[in-house]
Amino acid sequence: MTGSSPDSGNTATALFEPSPEFRADANAGPELQEAADKDRLAFWADQAARLHWHEPWSEVLDWSGGAAGAEPAERPSYVAKWFVGGQLNVAYNCVDRHVLDGHGDQVAIHFEGEPGDSRNITYSELLAEVSQAANYLTEIGLEAGDRVAIYMPMIPEAIISMLACARLGLTHSVVFAGFSPSALRQRVDDAEARLVITTDGQWRRGKAAPLKEAVDEALYANGGTPHSVEHVLVVRRTNLEIEWTDGRDVWWHETVAKASTEHEAQPFDAEHPLFILYTSGTTGKPKGIVHTTGGYLTQASYTHHNVFDHKAGKDVYWCTADIGWVTGHTYIVYGPLSNRTTQVVYEGTPNSPDEHRHWNIVEKYGVSIYYTAPTLIRTFMKWGRQIPQAHDLSSIRVLGSVGEPINPEAWRWYREVIGANKAPIVDTWWQTETGAIMISPLPGVTATKPGAAMAPLPGISVKIVDDEGNDVTDSEKEADFSVRSAGSAHVGYLVLDQPWPAMLRGIWGDMERYKATYWEKFAEQGWYFAGDGARYDEDGALWVLGRVDDVMNVSGHRISTSEVESALVGHSGVAEAAVVGASDETTGQGIVAFVILKGSTENTGDALVTELKAHVSKDISPIAKPREIHIVPELPKTRSGKIMRRLLRDVAEGRELGDTSTLVDPKVFEDIRAAR
Ligand code: WTA
């Protein structure tokens, strides 16, 4: 459980009611819930009608793959089909249709580069550029169903690339540009991508950092072992000198930028795979989460419209995520563009050139909806309120939070300092797997509580249950996981007991893992196991508490403990490693590693710790770099040889040890403590 879990002792706080003015003009009203309660599938069919369908669907949902209680032999696939037989084109819905409706001159993207360059792209211009990219990708022989890896910083071409893929039915796999060459290679190989789209470099804290170099390194990995990539398409962003492989590498400005701006979008089946996005699981190998077309876009559009109260042509929206994460997919690209949003896309870090950057951007464009992560809010708090207070933030009218539980203190600060005590806060719970927001207040409808995600959205159904699947609200029992200090009763597993349109359709290439990860725990009931703990408070507000598995949440990024452990043991000096997420004031959790060295290791002490940190950072990504590494003589293990992470977490967080009775040798802790 993350240490930044809401301070649950404090839930009886007053509710923040929506103001009458907001309520009067809100997109969402109580009728949404009423409609969903009356007929859930009819409700989703209404939402799907937000989109343009080339062909109508014949059935809203086919969930025969998810039949509960089936015998193992006839185990269902747990693959839903939404809007069966319907056909649509995602890019047409996100771009063409707005131009055809007469909004071609509306700005789609206010791009703000880190070095200070900026560019406004209208929907007409976006259409022309997406068409050019689609024409070029067709020219090099890519066909619907092929996979394309996108490894790019936050520049318009990244969004254009995603839309061009969607337009052609190419399944994109966006790989966060902070990932290492080996992480990129693993993802390219797993999806067998035919094309990688990248940039020469990226701007980070005022400096141009190479990026194409990482692609070269990834593709030449292991002495140039064969890979699936035929072309590397390179956008020039920094003018850094790069290596060039003739025949394989092509410049964007020499190809895409010269292609025809006319392209007619073809429809695809509602279940055509739109994208794969890799996320950390409890084992070292990342999972390629598969999303499809019709249901995904329906829920992306519905949630963006209602949760953010977005008004097309009026609001200026800014989601600060990176397209390398699901938040960037659903709430920068597909949700907002399907709703004809004018949005800010910012390339860089929040303190380049200084800590005023975000608020300068809010002022410059009159941002009215701002969506970010608790870790950044806590960073702003640390920098001090005088920074945002030096700016006119009066344009802001809705604030969003995503990625981890938001602690009530940060929630209050966000509301008071950024939202002038009036902008409603939507704390949105969802996952890469859910595709779109599942649990959140609706502004104008839901009275909110600092730190609580409040309730599932209309059309979404959740339960909080114990290990047997009993509703914890009705049961005396609690789920059997090590929730620390969750405070009150009714803590349980968060499950989704009804299929939803944007749900994942599997793990790429590993449907057994898909079933085992999400559907096995509550196979009898046929419920989706989210991997999070949650509870209802005495007023019925829903609080999401954080992961109950070995997945850490560092600054809103999911990192598995075993991923970091395997990077550590990949270092020649390390014999064994155990990694835990310990609570961290700013990042939610910080990575704390305990390592046992090989007898032969000469280098010890601080120099080795520094080296190991750099090693993990290079092997996975700087986001996976441990906050602390402790060299210890032994690790606490159960009799069956399992490392007891729960106890290591106690040590890392400086707590009294929990139950050590199953340990082989409880004395190891004296040694570990001595080593700290
Ligand atoms: C956590 C990000 C509490 C949770 C969209 C989930 C949250 C994981 C919240 C998914 C929230 C996300 N409150 N916890 N509002 N939002 N989480 O796949 O543990 O990167 O399972 O998707 O983040 O992370 P992912």
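Residues numbered from 1 in each chain as written. Predicted model: local features only at pLDDT ≥ 70, side-chain atom pairs only at ≥ 80, totals over all residues. Heavy atoms only, no water.

An unreviewed UniProt entry lists the protein chain under the name Acetyl-coenzyme A synthetase, with Antrihabitans cavernicola given as the organism. Looking at the Catalytic activity (unreviewed entry) heading of the UniProt record, one finds this comment for the protein chain: "acetate + ATP + CoA = acetyl-CoA + AMP + diphosphate". (UniProt positions renumbered as here; feature names shortened; annotations may be inferred.)

Student: Quick one: what's the story with the site of the ligand, residue by residue and with numbers?
Tutor: Around the ligand sit 17 residues in total, of which Asp427, Thr428, Thr432, Asp532 and Arg558 are the nearest. Between a nitrogen atom of the ligand and a main-chain N or O atom of threonine 428, the distance comes to 2.8 Å. Between the ligand and aspartate 532, the relevant distance is 2.5 Å, taken from an oxygen atom to a side-chain nitrogen or oxygen of the residue. Here the ligand loses 96% of its free accessible area of 530 Å² to cover by the protein chains. (Near = heavy atom within 4 Å. Polar contact = N/O pair within 3.5 Å; in protein donor to acceptor, adjacent residues only side chain to side chain. Areas by Shrake-Rupley, 256 points an atom, 1.4 Å probe, with all protein chains shown as cover.)

Student: Account for the environment of asparagine 135, naming residues and giving values.
Tutor: Turning to its location among the elements, asparagine 135 is positioned in helix α5 (residues 123-139). When the C-alpha atoms of asparagine 135 and arginine 415 are compared, they prove to be 46 Å apart, with 280 residues separating the residues in sequence. The contact partners of asparagine 135, leaving out residues within four places of it in the chain, are Ala259, Ser260, Glu262 and His263. Of the polar contacts made by the side chain of asparagine 135, one reaches the backbone oxygen of glutamate 262; its length is 2.8 Å. (Helix = DSSP H or I, 4+ residues; strand = E, 2+ residues; numbered from the N terminus. Contact = heavy atoms within 4.5 Å.)

Student: An account of the UniProt feature "binding site: Mg(2+)" (unreviewed entry) in the protein chain is needed here, citing residue identities and associated values.
Tutor: According to UniProt, the "binding site: Mg(2+)" (unreviewed entry) feature falls on Val569, His571 and Val574. Relative accessible area serves as the criterion here: at 37%, valine 569 is assigned to the partly exposed category. Setting aside chain neighbours within four positions, we find valine 569 in contact with Val574, Ala575, Glu576 and Ala577. As for its placement among the helices and strands, histidine 571 is situated in the loop between α17 (561-569) and β27 (574-584). You can call histidine 571 buried: its relative accessible area is 9%. Excluding residues within four positions of it along the chain, histidine 571 makes contact with Leu608, Glu611, Leu612 and His615. (Buried < 20%, exposed > 50% of the residue type's maximum accessible area, 1.4 Å probe, protein only.)

Student: Can you break down the domain arrangement of the protein chain residue by residue, with the values?
Tutor: Segmentation of the protein chain into domains returns domain 1 (20-88 + 278-547), domain 2 (90-266) and domain 3 (551-675). Put simply, the middle of domain 2 and the middle of domain 3, counted by C-alpha atoms, are 37 Å apart. Across the boundary between the two partners, domain 2 contributes seven residues, which contact six residues of domain 3. Ranking the residues of domain 2 by area buried against domain 3 places Phe176, Phe179 and Ser180 at the top, with a combined share of 56%. The tally of links from domain 2 across to domain 3 stands at one salt bridge. When the shortest N-O distance is used, the salt bridge between lysine 618 and glutamate 217 registers 4.0 Å. Remark: the boundary between domain 2 and domain 3 carries four residue pairs in polar contact (both at pLDDT 80 or more). Class assignment for the residues of the side of domain 2 that touches domain 3 results in three nonpolar, three polar and one charged. (Domains from an automatic or database assignment. Buried area = accessible area lost by both parts, 1.4 Å probe. Salt bridge = Lys/Arg side-chain N within 4 Å of Asp/Glu carboxyl O. Nonpolar A, V, L, I, M, F, W, Y, C, P; charged D, E, K, R; others polar.)

Student: I'd like a rundown of the sheet that holds strand β23 (residues 528-536), residues and numbers included.
Tutor: Taking strand neighbours across the sheet as the criterion, the four strands line up as β21-β22-β23-β24 in an open arrangement whose pairing is antiparallel. What marks the edges here is a single partner per strand, and that holds for β21 (462-465) and β24 (542-547). Each strand of the sheet is rotated relative to its neighbour by a mean of 40°, with strand direction disregarded. Inspection of the sheet shows strand β22 (residues 491-496) paired to β23 by five bridges, in the antiparallel sense. Within β23, the position partnered with valine 491 by the bridge is arginine 535. (Pairing = 2+ DSSP bridges. Axes fitted to C-alpha atoms, helices over the stretch in contact; angles between N-to-C directions.)

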